[in-house]
Amino acid sequence: MTLKTNLRELVVRDCPQLSLPLMPYTTKLELAKVASRPYKLLYDIHMLEIRGVDNILLTLGNLDNVLAFHDMEWLVRVTIKVCSSVPLATLQKLTSLETLAIEDCISLSSGRGESDASQIPIKHLMLRNCYITGKELSEILACCPCLSHLEMEDCKGITGLCMQQSSHEMDDDDNDIDGMLQFPSQFTSSLSRLGIFSRDHLTMNVKDEVLKKLMSLHWLQLGGCVLSCAAMQAVHDDLPLMNNLKALRAYGYDIYDLEEDRLMPRMARTVVAGSKELEELDIGSISGVLAAPICQRLSASLHRLTFRNDTMVQHFTEEQETALKLLTSLQELIFYGCNRLQSLPSSLCSLRSLKRLEVSYRQLQGYSPELEEQCNNLRQHIPEVVLTCIPLF
């Protein structure tokens, strides 16, 4: 198929036998939507999305047979979905690339075998439902010297975090070396956002050195994770983990027994104790945070506080009420999925800075007439009060 050189927009649907030249087809193309077996493609100059269709895993090992990367150096964002193989070294030709998102892929490769000096210029890397081990991702990160944001969702092959070290330096008790993600040394001054989320109660071995050395880290999420005992061996409740975090999200995913998640609040407390300017905290334990020393530490900086999936607390103690009053900068308070909670703190009225209160309960589990009455009364003191039901899926 020959395309006119002045073509600016192309839409192809239901043409399985159509043969197209290499993308971007013409030098003036501004928009392309192509739905053809075995892939769908969306392109708009600065963004490219390609995905496999009809349960056929698109193999991108021969990506150059589909895309003319040498003519797409202006691409800023690339999204690849439902693929069996993504050789990341192929993306080196995209010199303006900043964001790479990969979803539902079963194999990733840095391509370092093709070129030991390969580097990928991305700043943001997002992985969702990809089977990749910590060891494999470590090799990829070594090729991304500019990376500042790393987010992973449901990547079960990654079971630990540590700083880069040689194989003989790995601890003898690290049984899952393949699952350990090692951050390169340059990340100590470049990585600012790290997010890990799992729906399967992924057990994570997070070495305390990660927070000690990643001093550029401002945003950290460990959502749906259960910390392993090994992760906390070097952490002491009275020894703060010094950090520069502005946001910490540390909670289990629908964990109804906090005994399973007892180490996460402990880790969070040591992080909070070492934080200078934490503005947002999302945690799965009310009692783990509402203590006078912690709230005093957060008094001047904390703006948003979320208690998520706490299934232990029903009412607030006098000590917890007193501690809450110390959060004089708090602007937003959220109770999410705290199903046993029967009443709200009476001290909420004294938080002059509070602008929004949200109570989200699970259907058939967390509703309380007393909560509804309290929310109605608090609307006289707090500008926005929301009582809502979390939908069943």
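Remember, predicted model here, so these are calculated numbers, not experimental data.

(A) Inspection of the overall build of the protein chain at higher detail. Along the protein chain, the regular secondary structure elements total six helices and 20 strands. The burial tally for the protein chain puts 52% of its 393 residues in the buried class. Excluding contacts between residues fewer than 6 apart, the proportion of contacts in the protein chain whose partners are at least 24 apart in sequence is 66%.

(B) Representation of the environment of T133 in the model. For T133, the location among the structural elements is in the loop between β9 (124-128) and α1 (134-141). A relative accessible area of 15% places T133 in the buried class. Considering only alpha carbons, one finds T133 and G179, 46 residues apart in sequence, at a separation of 5.2 Å.

(C) Region of interest: the confidence of the model for the protein chain. Averaged over every residue, the pLDDT of the protein chain is 82; the share at 70 or more is 82%. Overall, residues 255-260 carries pLDDT values under 50, and its contacts beyond four positions in sequence, including any with other chains, amount to 15 contacts.

(D) A look at the pairing of strand β16 (residues 280-283). Along β16, one buried face is formed by E280 and D282 and the opposite face, lined by L281 and I283, is buried too. With helix α4 (residues 292-298) bridging β16 and its parallel neighbour strand β17 (residues 304-308), the resulting β-α-β unit is right-handed.

(E) Spatial organisation of the environment of R199. With respect to the helices, strands and loops of the structure, R199 is situated in strand β13 (residues 193-206). Residues R199 and E153 lie 46 residues apart in sequence; the distance between their C-alpha atoms is 8.5 Å. Separated by 2.7 Å, the side chains of R199 and D154 make a polar contact.

(F) Inspection of the packing of aromatic side chains at higher detail. For the coordinates displayed, the defined rule picks out three aromatic pairs. With a centroid separation of 6.0 Å and 75° between ring planes, the pair formed by F316 and F335 is classed as edge-to-face. Of the two residues, F316 is situated in the loop between β17 and α5 (318-325) and F335 in strand β18 (residues 332-336); the sequence distance between them amounts to 19 residues. F335 shares its class with F316; the two are buried. The ring of W219 has R193 lying over it, and the distance from NZ or CZ to the ring centre is 3.6 Å.

(G) Quick peek at α1. Looking at α1, one finds that the buried residues are G134, L137, S138, I140 and L141. When α1 is viewed along its axis, its buried side chains cluster within an angular range of 160° and face the same direction.

(H) Molecular detail of the pairing of strand β6 (residues 77-87). Extensive coverage of β6 is indicated by the burial of nine of its 11 residues. As defined by bridge partners, strand β4 (residues 47-52) adjoins β6 across five bridges and the pair is classed as parallel. Across the sheet, R51 pairs through a bridge with K81, a residue of β6. By the bridge criterion, six bridges tie β6 to strand β7 (residues 99-105) in an arrangement that is parallel. If you follow I80 over to β7, its bridge partner there is I102.

Reading the values: rules and limits
Residues numbered from 1 in each chain as written. Predicted model: local features only at pLDDT ≥ 70, side-chain atom pairs only at ≥ 80, totals over all residues. Heavy atoms only, no water. Helix = DSSP H or I, 4+ residues; strand = E, 2+ residues; numbered from the N terminus. Buried < 20%, exposed > 50% of the residue type's maximum accessible area, 1.4 Å probe, protein only. Contact = heavy atoms within 4.5 Å. pLDDT = per-residue confidence, 0-100. Right-handed = clockwise from strand over helix to strand, strands pointing away. Polar contact = N/O pair within 3.5 Å; in protein donor to acceptor, adjacent residues only side chain to side chain. Phe/Tyr/Trp six-rings, centres within 6.5 Å; stacked < 30°, edge-to-face > 60°. Lys NZ or Arg CZ within 6 Å of the ring centre and 35° of its normal. Arc of directions from axis to C-beta. Pairing = 2+ DSSP bridges.

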